[in-house]
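If you want the building blocks of each chain, they are given just below.
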Amino acid sequence: MDQSNVPVQSWFYAKMRWAVMVEGRGIREWKEAGILFRSTDRDSAFRRALEIGEGYQGGAEEGCRPPRWVETRLAEVVTLDCLGEELKDETEVYWAHLPARKKIPFEFIFRPAAKEPYQMLDW
């Protein structure tokens, strides 16, 4: 098979945001996720990210009294990054600057090995 016509696919990472909307009330919360997928270029990757995000949309009646309709809607593709054709060891996927919500003195010693990390993905 001639592979010269086969487009080279790169790995892309999209940070996506959904709004959880309650009928008659408005937004309840935001949901965010990071999605890894392959695509040939940035334009097709953006279209694919939108397709993936729309696939996570949905609605259902919540069983409270009175029942109310709740929908999860794709709000935006926050970031879209090309990670290259091959994922390499220690590829940085997500990095954020978050405000410090509590005071920690300069002398504080962090002990990251003392806390077991939780599992984010449930496959």
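Quick note: structure is the one above.
Residues numbered from 1 in each chain as written. Predicted model: local features only at pLDDT ≥ 70, side-chain atom pairs only at ≥ 80, totals over all residues. Heavy atoms only, no water.

Asker: Residue-level account of a nonpolar patch on the surface, with values.
Answerer: The grouping of Ile104, Phe108 and Phe110 at the surface amounts to a nonpolar patch, some 330 Å² of accessible area in total. Relative to the helices and strands, Phe110 resides in the segment after strand E4 (68-84). The exposure class of Phe110 is exposed, given its relative accessible area of 58%. (Patch = residues over 30% accessible without salt bridge, like charges linked within 9 Å, V, L, I, M, F, W, Y side chains within 5 Å. Areas by Shrake-Rupley, 256 points an atom, 1.4 Å probe, with all protein chains shown as cover. Salt bridge = Lys/Arg side-chain N within 4 Å of Asp/Glu carboxyl O. Helix = DSSP H or I, 4+ residues; strand = E, 2+ residues; numbered from the N terminus. Buried < 20%, exposed > 50% of the residue type's maximum accessible area, 1.4 Å probe, protein only.)

Asker: So, the environment of Leu87: which residues are in play, and what are the values?
Answerer: As for its placement among the helices and strands, Leu87 is situated in the segment after E4. By relative accessible area, Leu87 is classed as partly exposed at 38%.

Asker: So what's going on with the side chain of Thr72? Which residues, and what values?
Answerer: Tracing the backbone through its elements, the reader meets Thr72 in strand E4. Overall, Thr72 belongs to the buried group, its relative accessible area being 17%. Residues contacting Thr72, with those up to four places away along its chain left out, are Trp18, Ala19, Val20, Lys31, Tyr56, Gln57 and Gly58. (Contact = heavy atoms within 4.5 Å.)

Asker: Kindly report on the pattern of salt bridges, identifying the contributing residues and their values.
Answerer: Charged atoms that come close allow side chains of opposite charge to pair. For the structure on display, the rule yields seven salt bridges. Here Glu32 makes a salt bridge to Lys15, at a shortest N to O gap of 3.5 Å. Separated by 17 residues along the polypeptide, Glu32 in strand E2 (residues 26-39) and Lys15 in strand E1 (residues 10-22) bring together distant segments of the chain. The exposure class assigned to Glu32 is partly exposed, which follows from its relative accessible area of 41%. Between Glu71 and Arg73 there is a salt bridge, with its nearest N and O atoms 2.9 Å apart. On the basis of relative accessible area, Arg73 is assigned to the partly exposed category, the value being 39%. Overlapping salt bridges bring together Lys15, Arg17, Glu32 and Glu76 as one network.

Asker: Report on the side chain of Ser39, specifying residues and quantitative values.
Answerer: Among the secondary structure elements, Ser39 is positioned in strand E2. Apart from the residues within four sequence positions on either side, Ser39 is in contact with Val8, Gln9, Ser10, Phe12, Ser44 and Ala45.

Limitation: the analysis is restricted to geometry and does not speak to function.
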